[in-house]
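Here are the chains, one letter per residue:
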Amino acid sequence: MEASHSVAVSPDGSTVYITGNATGVTSDADCVTIAYNAATGARKWLARYHSPGNGGAAVVASPDGGTVFVTGSTSGIHGSAYLTIAYNATTGGRLWLARHTGPGNNPDEATAAALSPDGSTLYVTGQSWRAGWSSDYATVAYSG
């Protein structure tokens, strides 16, 4: 696995989460998220999302410790898009997945994520391209 792109710790300090890229089944990169026991270093779970050109750029743990959110980029029909995945923090099971493509249908890349203090809203931000190949920032909010 390549160097991790982001690290987060569960609210109670018992679990460390990392996300980044790893070579997948083909030469494309997978978005990989791993949970480790903070005291022993033992791996709790590994979640791998495979689709062309994926990469995890940020990981955030919910305040209640129940969900881990990962964001980065994924390739698709219209170039790359924001990729955001919610995982069950205990099992690593995927809860939901969302993609966001900017209005220019050009390469978009999420680079950071943050949760509201109560954990009800996830904010994802990064670079988004408009028509004509001019870039801008775009922030997307996901509830619950």
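In this text the structure is predicted, and so the values were computed from the model without any measurement. (Residues numbered from 1 in each chain as written. Predicted model: local features only at pLDDT ≥ 70, side-chain atom pairs only at ≥ 80, totals over all residues. Heavy atoms only, no water.)

**Student:** Can you walk me through the overall build of the protein chain in this structure?
**Tutor:** Each helix and strand counted, the protein chain has zero helices and eleven strands in total. When burial is assessed residue by residue, the protein chain has 44% of its 144 residues classed as buried. In the protein chain, 40% of the contacts between residues at least 6 apart in sequence involve partners at least 24 apart. With an accessible surface of roughly 7,000 Å², the protein chain has 52% of that area assigned to carbon and sulfur atoms. (Helix = DSSP H or I, 4+ residues; strand = E, 2+ residues; numbered from the N terminus. Buried < 20%, exposed > 50% of the residue type's maximum accessible area, 1.4 Å probe, protein only. Contact = heavy atoms within 4.5 Å. Areas by Shrake-Rupley, 256 points an atom, 1.4 Å probe, with all protein chains shown as cover.)

**Student:** Sorry, what's going on with the pattern of salt bridges here?
**Tutor:** Any two side chains of opposite charge can pair, on the condition that their charged atoms come close. Following the criterion strictly, the structure yields one salt bridge and no others. We note a salt bridge from Asp-30 to Arg-48, for which the minimum N-O separation is 2.9 Å. Of this pair, Asp-30 sits in strand β3 (residues 29–37) while Arg-48 sits in strand β4 (residues 43–49), and the two are 18 residues apart along the sequence. Overall, the relative accessible area of 44% leaves Arg-48 in the partly exposed class. (Salt bridge = Lys/Arg side-chain N within 4 Å of Asp/Glu carboxyl O.)

**Student:** Is there a simple way to think about the packing of aromatic side chains in this case?
**Tutor:** How two aromatic rings sit relative to each other is given by the distance of their centres and the angle of their planes. Evaluated as defined, the whole model comprises four aromatic pairs. Measuring from centroid to centroid gives 6.1 Å for Phe-69 and Trp-96, while their planes differ by 50°, and the two rings are tilted. With Phe-69 in strand β6 (residues 67–76) and Trp-96 in strand β8 (residues 94–100), this pair connects stretches of sequence that are 27 residues apart. Its relative accessible area of 5% is what places Phe-69 among the buried residues. With relative accessibility at 24%, the residue Trp-96 sits in the partly exposed group. Taking 5.5 Å as the distance between ring centres and 45° as the angle between the ring planes, the aromatic pair formed by Trp-96 and Tyr-142 counts as tilted. A residue pair is termed long-range when its members are at least 10 positions apart, and Trp-96 in strand β8 and Tyr-142 in strand β11 (residues 134–143) qualify at 46 residues. Here the aromatic cluster, defined as three or more aromatic residues joined through ring pairs, consists of Tyr-17, Trp-45 and Tyr-87. (Phe/Tyr/Trp six-rings, centres within 6.5 Å; stacked < 30°, edge-to-face > 60°.)

**Student:** Would you explain the nonpolar core in this entry?
**Tutor:** Burial of nonpolar side chains together is a common tendency in soluble globular proteins. Counting residues in each nonpolar core, the largest one holds 15 residues, and the members touching the most others are Tyr-17, Trp-45, Tyr-49, Val-59 and Tyr-87. Of all the elements in the fold, those that place two or more residues in this core are β3, β4, β5 (55–61), β6 and β7 (79–88). Formed by twelve residues, the second largest nonpolar core is a distinct cluster that contains Val-60, Ala-98, Val-124 and Ala-138. (Core = buried A, V, L, I, M, F, W, Y, C linked by side-chain atoms within 4.5 Å.)

**Student:** Could you clarify how one ought to interpret the confidence of the model for the protein chain in this entry?
**Tutor:** Counting all residues, the mean pLDDT for the protein chain is 86, and 83% of those residues have values of 70 or more. Mean pLDDT values for the elements of the protein chain range from 84 in strand β1 (residues 4–9) up to 95 in β4. (pLDDT = per-residue confidence, 0-100.)

**Student:** Mind showing me how you'd approach the sheet that holds strand β9 (residues 109–115) here?
**Tutor:** The pairing of strands in a sheet happens through backbone hydrogen bonds and is either parallel or antiparallel. Taken together, three strands build an open sheet; the order of strands is β9-β10-β11 and the sheet is antiparallel. If you trace the sheet from one side to the other, it starts and ends with β9 and β11, each paired once. Direction aside, neighbouring strands of the sheet carry axes that sit 20° apart on average. Where strand β10 (residues 121–130) meets β11, ten bridges bridge the pair, whose relative direction is antiparallel. Note on β11: the bridge partner recorded for Arg-130 is Ser-134. (Pairing = 2+ DSSP bridges. Axes fitted to C-alpha atoms, helices over the stretch in contact; angles between N-to-C directions.)

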